[in-house]
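Spelled out from the first residue to the last, the chains are:
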Amino acid sequence: MDKAFWRFNLVGVINTTNYYILYLIFADTLHFYYLKAHFLSFFLCLIGSFFMNSYFTYKTKPTLKKFLQFPLTSIVNIVISTAIIFLSVQLLHLPDFIAPLFASVFPIPFTFLVTRMILTKP
């Protein structure tokens, strides 16, 4: 596998850690509903992910156009992860602080391909 894939995964680990910390702050400290905490954390981390993937993963210059297109990389991610979190909590009765970790691994391959396409095109 190429170096960009491994850098993407490293950025993903950092971003997932940031997401989870924010999620716990929103859900446990501020007592937001778990899905609201999920969405807020996800979208805040999307900004950090854009810059980490631009500079570190693909070594490209971030532009406003790419920044505006970048959320497209997360459409499938947010749909899949939200569904898994909801089903994990509601059907499997997993604690709401475990479900986001469980849900974070499934959308990785698709997100990598779409991110590469958006950030590396001229």
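Please read all numbers here as calculations on a predicted model, not as lab measurements.

(A) Spotlight on the layout of surface pockets. By volume, the largest pocket amounts to about 540 Å³. In terms of lining residues, the largest pocket is bounded by 28 residues, among which G12, N15, T16, N77 and S104 are the most central. When residues of the lining of the largest pocket are traced back to their parent elements, those giving at least two are helix 1 (3-29), helix 2 (34-57), helix 4 (75-90), helix 5 (99-103) and helix 6 (108-120).

(B) Main features of the packing of aromatic side chains. Per the counting criterion, the structure on display carries 15 aromatic pairs. When the ring of F5 is compared with that of F112, the centres are 5.0 Å apart and the planes differ by 90°; the resulting orientation is edge-to-face. With F5 in helix 1 and F112 in helix 6, this pair connects stretches of sequence that are 107 residues apart. Pair check on accessibility: F5 and F112 agree, each one buried. A ring pair is formed by F50 and F70, whose centres lie 5.4 Å apart and whose planes are at 65°; its orientation type is edge-to-face. Of this pair, F50 sits in helix 2 while F70 sits in the loop between helix 3 (64-69) and helix 4; the two residues are 20 residues apart in sequence, bridging distant segments of the chain. When its relative accessible area of 3% is taken as the criterion, F70 is described as buried. What links up through ring pairs into an aromatic cluster is the set F5, W6, F8, Y58 and F112. Across the ring face of F32, the terminal group of K36 is positioned such that the distance to the ring centre comes to 4.7 Å.

(C) Quick look at helix 2. A bend of about 25° at L46 is the largest found in helix 2. Looking one or two residues beyond helix 2, the residue adopting positive phi is K59, at roughly 50°.

(D) View of helix 4. Given a rise of 1.5 Å per residue, 16 residues ought to cover 22 Å, and the 22 Å separating the end C-alpha atoms of helix 4 matches this to within 8%. All buried positions along helix 4 are accounted for by N77, I78, S81, T82, I84, I85, S88 and V89. All buried residues of helix 4 lie within an arc of 165° about the axis, which places them on one face of the element. Contact partners of the buried residues in helix 4: helix 1, helix 2, helix 5 and helix 6.

The rules behind these values
- Residues numbered from 1 in each chain as written.
- Predicted model: local features only at pLDDT ≥ 70, side-chain atom pairs only at ≥ 80, totals over all residues.
- Heavy atoms only, no water.
- 1 Å grid on protein atoms, 1.4 Å probe; cavity = no way out; pocket = protein on both sides within 12 Å on 5 of 7 lines; lining within 4 Å.
- Points joined across faces, edges and corners; volume = space filled by probe spheres on them.
- Helix = DSSP H or I, 4+ residues; strand = E, 2+ residues; numbered from the N terminus.
- Phe/Tyr/Trp six-rings, centres within 6.5 Å; stacked < 30°, edge-to-face > 60°.
- Buried < 20%, exposed > 50% of the residue type's maximum accessible area, 1.4 Å probe, protein only.
- Lys NZ or Arg CZ within 6 Å of the ring centre and 35° of its normal.
- Bend = angle between axes of the 7 residues up to and from the residue.
- Expected span 1.5 Å × (residues − 1).
- Arc of directions from axis to C-beta.
- Contact = heavy atoms within 4.5 Å.

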